[in-house]
Amino acid sequence: PNAVAVTQPGEVPVELGRAVVRLEPIKPILITIGAEPLISTFSATDYIEGLYFGAKAAVAWRFPFLGGAGGLGVTGGFQKYYVNTGTPGMFYAFPIGLQVQYGTRMPGPLDFFVHFEGGGLLWTWDQTSGTEPFAIWWYIAGGVGLVVDIFKFLGIAVDVTYSYYPLNPAFTFLEPA
């Protein structure tokens, strides 16, 4: 059977054997807002106990790219968790960076995507000693996800991101959202 959907003017349908697949139109601006559990991994498990949460927001400009939807945007977030080092305290992180993404455009309500991001990590540590160090560092992250369209311009996404913070020691997190 042939899958039929609207393509943007000037785009050529993709032929798969005898069937012709018409690509879904791209929503030019993608705005995402979410909450996520922070699951510490590798060396971070020695310093962070328990499950903590964070929040994330991103805005991306999307465009046709290699039969799918490419995207460039900005992202930012907030994370809070307890660190049990020699001077324990609450750790607050604010990752702010640029994002590159690529997603599918197949007919129907499901789309898969991958994304990579990196930028500055503003962090502070509310130690029990009363001192509050503050620093700006860098971070990188990448992830995969699935979007389910509910309405024409609204959907729900499930995203699993892996983040690397090169602090001393390095913190790594699995962030399913």
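Residues numbered from 1 in each chain as written. Predicted model: local features only at pLDDT ≥ 70, side-chain atom pairs only at ≥ 80, totals over all residues. Heavy atoms only, no water.

### A few points about the nonpolar core
The test is simple: We define the nonpolar core as a collection of buried residues of types Ala, Val, Leu, Ile, Met, Phe, Trp, Tyr and Cys that are connected through side-chain atoms lying within 4.5 Å of one another. Per-residue accessibility, obtained with a 1.4 Å probe over protein chains only, is compared with the maximum for each type, and a residue is labelled buried under 20%, exposed over 50%, and partly exposed between these values. Put simply, DSSP H or I for four residues or longer makes a helix, DSSP E for two residues or longer makes a strand, and each gets a number counted from the N terminus. Working rule for contacts: check all heavy atoms of both residues, and any pair within 4.5 Å makes them a contact.
One finds Leu 38, Ile 48, Tyr 81, Val 83, Phe 91, Ala 93, Leu 121, Trp 123, Trp 125, Tyr 139, Ala 141 and Tyr 165 forming the largest nonpolar core, which totals 12 residues. Where this core is concerned, the elements lending two or more residues are strand E5 (68–83), strand E6 (89–103), strand E7 (110–127) and strand E8 (134–151). It is E7 that provides the largest number of residues to this core, a total of three residues. Apart from residues no more than four positions distant in its own chain, Ala 141 is found in contact with His 115, Phe 116, Glu 117, Thr 161, Tyr 162 and Ser 163.

### Notes on the confidence of the model for the protein chain
Quick note on the threshold: The predictor attaches a confidence to each residue, and that confidence, scored 0 to 100, is pLDDT.
The predicted model of the protein chain averages 79 in pLDDT, with 73% of residues at 70 or higher. With pLDDT under 50 throughout, residues 1–5 is counted as low confidence; its partners more than four residues away or in other chains account for 12 contacts.

### Regarding the pattern of salt bridges
Where we set the bar: A side-chain nitrogen of Lys or Arg and a carboxyl oxygen of Asp or Glu constitute a salt bridge if their distance falls within 4 Å.
The full count for this structure, using the stated rule, is one salt bridge. The salt bridge partner of Glu 117 is Lys 56, with a shortest N-O separation of 3.4 Å. With Glu 117 in strand E7 and Lys 56 in strand E4 (residues 52–65), this pair connects stretches of sequence that are 61 residues apart. Assessed through its relative accessible area of 7%, Glu 117 is described here as buried.

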